[in-house]
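# Topology and contacts: notes
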Amino acid sequence: TSYEVMFATSSGILNFGEASMDVSLSMGISISTVRLEDATASKLDDKQMIDTCVISHLGSFNEINMKLRGRIRGALDASKRAAVRDFDQVSLTLSSMESCSKSGLPCLLGSGKCFDPIAHASKHESPPN
C-alpha cells in the first residue's frame, strides 16, 4: 500500500519547505522516537483492532515506524533546502546592497541590482522630433 504523509503545521507544510525551522526540527526530533505500538486508545477493544489492522496491512509496527521516519526525513530535507535557499537570497541581497553602497547608488531591494538614475533616464528619454 502506497500513501503520502503530509506534515502540516500552523506555519506551513513541512514537505514543501513551508514550515518554520524550529517547528521542522521539533517535529523531526519528536517523530524520531515515536513507537506507534506504544499508542493508546480509550478502549482496549479499539487498541486491539488498530494493532491488528496495522499488522495485517503494513506487516509490523517496525515497518510503519520505519516508513514514518523515512517520510519525516524527506520532509526535513525539503525544509532544509528551503532554509538554505532563503539564507542564500538574504545573503545575495546584503551583498548587492553593499556593492551599491560602495558605488553610491541606491539598491533595488530583492533585485540584486543598483539603481542608476542617469542610465534609467537615458533609456526612457523621448527621441528628438
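The following paragraphs examine the structure supplied in this document. (Residues numbered from 1 in each chain as written. Predicted model: local features only at pLDDT ≥ 70, side-chain atom pairs only at ≥ 80, totals over all residues. Heavy atoms only, no water.)

Turning to the side chain of Ser79, a few remarks are in order. When you line up the elements, Ser79 lands in helix 3 (residues 61-103). A polar contact of 2.9 Å, which involves the side chain of Ser79, links it to the side chain of Ser24. With sequence-adjacent residues up to four places away left out, Ser79 is seen in contact with Leu14, Gly17, Ala19 and Ser24. (Helix = DSSP H or I, 4+ residues; strand = E, 2+ residues; numbered from the N terminus. Polar contact = N/O pair within 3.5 Å; in protein donor to acceptor, adjacent residues only side chain to side chain. Contact = heavy atoms within 4.5 Å.)

Let's shift gears to helix 1 (residues 21-32). Its 12 residues place the ends of helix 1 16 Å apart at the C-alpha level, agreeing with the 16 Å of an ideal helix rising 1.5 Å per residue. Packing partners of the buried residues in helix 1 comprise strand 1 (8-9) and helix 3. (Expected span 1.5 Å × (residues − 1).)

The next thing to look at is the pattern of salt bridges. Opposite charge on two side chains permits them to pair, given that their charged atoms come into close proximity. Counting across every chain of the model gives 3 salt bridges. In this structure, the salt-bridge partner of Arg35 is Glu37, at a minimum N-O distance of 3.2 Å. Residue Arg35 is classed as partly exposed on the basis of its relative accessible area, which comes to 45%. Note that Asp38 and Arg35 form a salt bridge whose closest N and O atoms lie 2.9 Å from each other. Asp38 sits in the partly exposed class, given a relative accessible area of 48%. (Salt bridge = Lys/Arg side-chain N within 4 Å of Asp/Glu carboxyl O. Buried < 20%, exposed > 50% of the residue type's maximum accessible area, 1.4 Å probe, protein only.)

The next thing to look at is the packing of helix 1 against helix 3. Where helix 1 meets helix 3, the closest approach of the two axes is 10 Å, and the angle between their N-to-C directions is 160 degrees. One way to sum up the angle between helix 1 and helix 3 is to call them roughly antiparallel. Where helix 1 crosses over helix 3, the handedness of that crossing is left-handed. Here Met21, Ser24, Leu25, Met27, Gly28, Ile31 and Ser32 of helix 1 come into contact with helix 3, specifically with Leu68, Arg69, Ile72, Leu76, Ser79, Ala83 and Phe87. Partitioned by chemical class, the residues of the contact of helix 1 with helix 3 number 9 nonpolar, 4 polar and 1 charged. (Axes fitted to C-alpha atoms, helices over the stretch in contact; angles between N-to-C directions. Parallel < 35°, antiparallel > 145°, perpendicular 65-115°, else oblique. Left-handed = near helix turned anticlockwise from the far one by under 90°. Nonpolar A, V, L, I, M, F, W, Y, C, P; charged D, E, K, R; others polar.)

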